[in-house]
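Secondary and tertiary structure notes
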Amino acid sequence: MYAIIVGAGTAGEAVAAWLINAGHEVTVVDRSVAKCESLEDSFGDVAVLGDGAEHEVLAKAGANRADVLIAATGMDDVNLVSCQMAIHRFAVGHTIAVIQNTEYEELFQNLGVGTVINTTKLITDNMMRALSEIQVEDS
């Protein structure tokens, strides 16, 4: 499988490492020179410097042959445009997007993003589950 990951933050780098260790081909796109250099030091020639919402950058990353594009930046608009570009310009079969704003989940789904991971919902659901398990003694 060939995966492009847009965003070299904690999640993007962790998924890249997991995929690489499983024997998959990965390219990570990020705007940060330092993050791209760090990825190169860790994994070899896997980074493309640039904005993953730009056609030319995704083309350089090899989006025309990607099996999946994972948009994992901290910016919902960049993640949406990256997925839309992958779907409509490069015919990438699978897209996964991380979103911060809960209100955008339906929009991403309606626009054909295959999997939408709502980080705010994941965090709040986990917090509420942890809180519900706490037994408070009467004072």
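Refer to the preceding data block for the structure.
These numbers were taken from a predicted model, which means no experiment stands behind them.

1. Things to note about the overall build of the chain
When helices and strands are counted, the chain shows six helices and six strands. Seen in sequence order, the chain has helices and strands lined up from the N terminus as β-α-β-α-β-α-β-α-β-α-β-α. Among the 139 residues that make up the chain, the fraction classed as buried is 40%. For the chain, long-range pairs separated by at least 24 residues make up 47% of all intrachain contacts whose partners lie at least 6 apart in sequence. Within the structure as shown, the chain displays about 8,000 Å² of accessible surface, and the carbon and sulfur contribution to it stands at 53%. Of the side-chain charges in the chain, 7 are positive and 20 negative, and the distance between the mean point of each set is 6 Å.

2. Here's the deal with unusual backbone geometry
Despite not being glycine, Ala91 shows a phi value in the positive range, around 55°. Looking at the secondary structure, you find Ala91 in the loop between α4 (76-90) and β5 (94-99). Taking relative accessible area as the criterion, Ala91 reaches 63% and is therefore assigned exposed.

3. Comments concerning the pairing of strand β1 (residues 2-6)
Within a regular strand, the side chains alternate between the two sheet faces. With five of five residues buried, β1 is to be regarded as a mostly interior element. Alignment of β1 against strand β2 (residues 25-30), held across five bridges, turns out to be parallel. Opposite Ala3, over in β2, you have Val26 as the bridge partner. In this fold, the crossover linking β1 to β2 by way of helix α1 (residues 10-21) has right-handed handedness.

4. Looking at the sheet that holds strand β6 (residues 115-118)
The strands making up a sheet associate through hydrogen bonds between their backbones, and the pairing can be parallel or antiparallel. The parallel open sheet is built from six strands, whose spatial order is β3-β2-β1-β4-β5-β6. The open sheet has two edge strands, β3 (47-49) and β6, and neither has a second partner. Taking the axes of each pair of neighbouring strands and ignoring which way they run, one obtains an average angle of 15° across the sheet. Note that β1 and strand β4 (residues 68-71) share four bridges and pair parallel.

5. Quick look at the pattern of salt bridges
For the structure on display, the rule yields three salt bridges. In this structure, Asp51 and Arg31 form a salt bridge, with 3.3 Å as the shortest nitrogen-oxygen distance. Of this pair, Asp51 sits in the loop between β3 and α3 (55-60) while Arg31 sits in the loop between β2 and α2 (33-43), and the two are 20 residues apart along the sequence. Owing to a relative accessible area of 18%, Asp51 belongs among the buried residues under this scheme. You can call Arg31 partly exposed: its relative accessible area is 49%. Among the ionic pairs, Asp125 bridges to Lys121, the shortest N-O distance being 2.9 Å. Residue Asp125 and its partner Lys121 are both found in helix α6 (residues 119-133); the two are separated by four residues, about one turn of the helix. With a relative accessible area of 28%, Asp125 lands in the partly exposed category.

6. Some remarks on the pairing of β5
The pairing of β4 with β5 spans four bridges and is classified as parallel. Looking at β5, one finds that Ala71 is bridged to Ala97. One ladder, built from four bridges, connects β5 with β6; its direction is parallel. The residue bridging Ala97 from the neighbouring strand is Val116, located in β6.

Rules and cut-offs
- Residues numbered from 1 in each chain as written.
- Predicted model: local features only at pLDDT ≥ 70, side-chain atom pairs only at ≥ 80, totals over all residues.
- Heavy atoms only, no water.
- Helix = DSSP H or I, 4+ residues; strand = E, 2+ residues; numbered from the N terminus.
- Buried < 20%, exposed > 50% of the residue type's maximum accessible area, 1.4 Å probe, protein only.
- Contact = heavy atoms within 4.5 Å.
- Areas by Shrake-Rupley, 256 points an atom, 1.4 Å probe, with all protein chains shown as cover.
- Lys, Arg positive; Asp, Glu negative; His and termini not counted.
- Charge placed at Lys NZ, Arg CZ, Asp CG, Glu CD.
- Pairing = 2+ DSSP bridges.
- Right-handed = clockwise from strand over helix to strand, strands pointing away.
- Axes fitted to C-alpha atoms, helices over the stretch in contact; angles between N-to-C directions.
- Salt bridge = Lys/Arg side-chain N within 4 Å of Asp/Glu carboxyl O.

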